[in-house]
Amino acid sequence: MGLAKRIIPCLDVKDGTTVKGTNFVNLRQAGDPVALGKAYSEAGADELVFLDITASHEGRKTFTDMVTRVAAEVNIPFTVGGGVNELSDVERLLYAGADKVSVNSAALRRPQLINEIANRFGSQVCVCAIDARYEGDLSAADGRWICYVNGGRVSVGRDLFEWAKEVADRGAGEILFTSMNHDGVKQGFALEALAQLHELLPIPVIASGGAGCMDDFRDAFTIGHADAALAASVFHFGEISIPDLKKYLHACGIKTRI
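Note that the structure is predicted; figures quoted are calculated from it, not measured.

Student: Would you explain the pattern of salt bridges in this entry?
Tutor: A side chain with one charge can pair with a side chain of the opposite charge if their charged atoms come near. Tallied over the full model, the rule gives 18 salt bridges. Across the pair Asp159 and Arg144 runs a salt bridge whose closest N-O atoms are separated by 3.9 Å. Within this pair, whereas Asp159 is found in strand S9 (residues 154-159), its partner Arg144 is found in strand S8 (residues 144-149), the two being separated by 15 residues in sequence. For Asp159, a relative accessible area of 15% puts it in the buried group. Measuring nitrogen to oxygen at the nearest pair gives 3.0 Å for the salt bridge that ties Glu166 to Arg158.

Student: Got a minute to help me understand the side chain of Arg6 in this structure?
Tutor: You can see Arg6 is positioned in strand S1 (residues 6-14). Accessibility expressed as a relative area gives 10% for Arg6, which makes it buried. Here the side chain of Arg6 touches Glu47 through a polar contact of 2.9 Å, side chain to side chain. Apart from the residues within four sequence positions on either side, Arg6 is in contact with Asp46, Glu47, Lys100, Glu174, Pro204, Phe221, Asp227, Ala228, Ala229 and Arg257.

Student: I keep staring at the side chain of Ser179 and nothing clicks. Help me out?
Tutor: Within the secondary structure, Ser179 sits in strand S10 (residues 174-179). For Ser179, a relative accessible area of 1% puts it in the buried group. A distance of 2.5 Å separates polar atoms of two side chains, one belonging to Ser179 and the other to His182.

Student: For this particular structure, what's the right way to read the packing of helix H8 (residues 214-222) against helix H10 (residues 242-251)?
Tutor: Helix packing geometry: the angle between the two helix axes and the distance between the axes. At a closest axis distance of 10 Å, the pairing of H8 and H10 adopts a crossing angle of 50°. Of the possible angle classes, the one that applies to H8 and H10 is oblique. In the packing of H8 onto H10, the handedness of the crossing is right-handed. On H10, the residues that touch Met214, Asp215, Phe217, Arg218 and Phe221 of H8 are Asp244, Leu245, Tyr248 and Leu249. Its residues assigned to classes, the contact of H8 with H10 shows six nonpolar, no polar and three charged.

The rules behind each value
Residues numbered from 1 in each chain as written. Predicted model: local features only at pLDDT ≥ 70, side-chain atom pairs only at ≥ 80, totals over all residues. Heavy atoms only, no water. Salt bridge = Lys/Arg side-chain N within 4 Å of Asp/Glu carboxyl O. Helix = DSSP H or I, 4+ residues; strand = E, 2+ residues; numbered from the N terminus. Buried < 20%, exposed > 50% of the residue type's maximum accessible area, 1.4 Å probe, protein only. Polar contact = N/O pair within 3.5 Å; in protein donor to acceptor, adjacent residues only side chain to side chain. Contact = heavy atoms within 4.5 Å. Axes fitted to C-alpha atoms, helices over the stretch in contact; angles between N-to-C directions. Parallel < 35°, antiparallel > 145°, perpendicular 65-115°, else oblique. Left-handed = near helix turned anticlockwise from the far one by under 90°. Nonpolar A, V, L, I, M, F, W, Y, C, P; charged D, E, K, R; others polar.

Here it is in structure tokens:
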């Protein structure tokens, strides 16, 4: 059956509070990130992702303090990202207790950053997040997946698959792919794009954007061939419990750590 599939709650942090939106906008509060992280760890999550979505200079200090508190409360690996622009940022977050660091905008602007992180800290530390929007008619498959930076605000015109291949070649340990079209809509992940990434890449792919029910997770693993599935609101607002989800996936023949 291969490696166990991972379930990863994602906590977007703004001004010290967890928030969640739809299509990257319309944010609403979802609680204290440290308390939520601890609860997910105890509920059987495999990993956690914390993203500082407004990584201003002042916000960084608040976020680094939060990372230290998370490390003291959880016993599973966690990734942190947001405003990671140079090796000193990676060092600061790892020193605070993070296991992995996610890069996105800075890597697209200066791809050499991926090589630098992998060479200095090891590929396993470097998660490259890619936010992409399908530009065209999804049902007609007549468009392209284009990468965005700055929290999904600015298109850089790069093709998703071309960039993902370069990311892997430069030494990233895994890719966190978020479909902006599917984010917060709760109608399933971008399965065709996930399957293409799986075929193309030698590194794990984390599916993000679109989880609405347990079937969506099943499809991400069986149709999209994702190695992990990340979600936010369905966990934050109690719509899906992690133990129930893992039991369901196990019943579907999908290997998870229970």
